[in-house]
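So you can see what is in the structure, the chains are spelled out below.
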Amino acid sequence: MNREMVKMTWTEFRDAVSHRPVILPVGSVEQHGYHLPLSVDVITSHNLSLLLAEEIDGIVAPAIQYGYKSKPSSGGGPLFPGTIDLNGDTLVHQVYDILAEFARDGVQYVFLMNGHFENEAFLAEAMDLATKEFPITTAMASWWDLIPQDVVAQVFQEVPFPGWDLEHAALTETSMVMYFAPELVHMDRYVEEPTFERIPYHRYPVKPGLVPPSGPLATARTASAQKGQMMAQAVVQACAKIYEKTKK
Ligand code: ZN
Ligand code: MN
């Protein structure tokens with residue numbers, strides 16, 4: 001069965017939407033250190049969406065590739081070449097328009113699989129505005145929020161857990177890409193930086209020199225594809241449960 005919307009014909013899509021949920025991956029184009037590609041947040045959300053689609057008979061929509069502005073305190077910030085950010089308004093309108101179009105085509109339910117920390121509030125805003133206007137149910141989760149404590153403990157056996165905002169281009173994201181797209185991981189270029197102290201404030205304009213020069217906010221040294229697989233399986237199980245809870 002075809003799980004990807006872009007590979008379906010329009011009649012296949014038309015005939016599926018009344019009884020199959022749509023899964024919309026949302027990512028970013030953002031620096032992820034010397035060792036990972038700019039599309040980590042898209043690779044992760046897209047591949048988690050494909051696995052979830054198997055579980056819930058879903059249709060994976062084309063990913064939203066760009067995201068809200070990277071922040072120094074959670075993603076390294078806008079000063080790295082290749083970090084291409086959207087204004088909040090733009091992202092809200094883009095997601096709203098897509099949800100509205102799905103609703104007009106008869107889609108009953110959209111699950112937004114978020115892969116980028118800074119997107120959350122803007123996705124929630126678009127979901128709120130769209131569901132006030134259109135008869136459609138939406139749910140959204142960020143994958144790192146769905147990893148149970150026992151899996152976090154197993155992944156962080158060798159190094160301390162720094163908090164999810166600092167897990168940028170670090171152990172968990174690196175492990176996810178090792179699992180989903182190992183050919184895009186360059187551990188030979190990875191450099192271990194001194195421990196980064198979380199920045200507990202936001203300053204605009206953003207100043208250079210706040211974050212480690214290579215980009216990751218915590219260590220990726222102990223990443224592995226096996227850890228990525230363990231996290232992906234836990235996330236997909238959690239998403240399937242969220243779907244059962246939220247579809248009616
Ligand atoms: Zn990321
Ligand atoms: Mn990100």
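The structure under discussion appears in the preceding block.
Residues numbered from 1 in each chain as written. Chains lettered and ligands numbered in written order. Predicted model: local features only at pLDDT ≥ 70, side-chain atom pairs only at ≥ 80, totals over all residues. Heavy atoms only, no water.

Colleague: Report on the pattern of salt bridges, specifying residues and quantitative values.
Modeller: For the coordinates displayed, the defined rule picks out 11 salt bridges. Among the salt bridges present, the one from Arg3 reaches Glu54, with a minimum N-O distance of 3.4 Å. Here the residue Arg3 occupies a position in the segment before α1 (10-16), and Glu54 occupies one in helix α2 (residues 40-56), the gap between them amounting to 51 residues. Assessed through its relative accessible area of 15%, Arg3 is described here as buried. A relative accessible area of 52% places Glu54 in the exposed class. For Asp57, the salt bridge goes to Arg3, with nearest N and O atoms at 2.8 Å. Here Arg3 lies in the segment before α1 and Asp57 lies in the loop between α2 and β2 (59-60), a separation of 54 residues in the sequence. By relative accessible area, Asp57 is classed as partly exposed at 29%. Bridged by salt links that share partners, the residues Arg3, Arg20, Glu54 and Asp57 form one connected network. (Salt bridge = Lys/Arg side-chain N within 4 Å of Asp/Glu carboxyl O. Helix = DSSP H or I, 4+ residues; strand = E, 2+ residues; numbered from the N terminus. Buried < 20%, exposed > 50% of the residue type's maximum accessible area, 1.4 Å probe, protein only.)

Colleague: Can you tell me about the coordination of the zinc ion (ligand 1), naming the residues and giving the values?
Modeller: Protein-derived coordination of the zinc ion (ligand 1) comes from His32 (NE2), Asp41 (OD), Glu173 (OE) and Glu173 (OE), at a distance range of 1.9 to 2.8 Å. Given four donor atoms and angles of 52 to 144° at the metal, the environment of the zinc ion (ligand 1) is assigned as irregular. Donor residues for the zinc ion (ligand 1) sit on one chain with the sequence pattern H-x8-D-x131-E. In this structure, the zinc ion (ligand 1) is positioned 3.2 Å from the manganese ion (ligand 2), and both are ligated by Asp41. With a gap of 132 residues between them, Asp41 in helix α2 and Glu173 in helix α6 (residues 171-180) connect regions that are remote in the sequence. As far as the burial class goes, Asp41 and Glu173 line up, both buried. (Donors = N, O, S within 2.8 Å, 3.2 Å for Na, K, Ca; no water. Tetrahedral: all angles 85-135°; square planar, octahedral: opposite > 155°, others 65-115°.)

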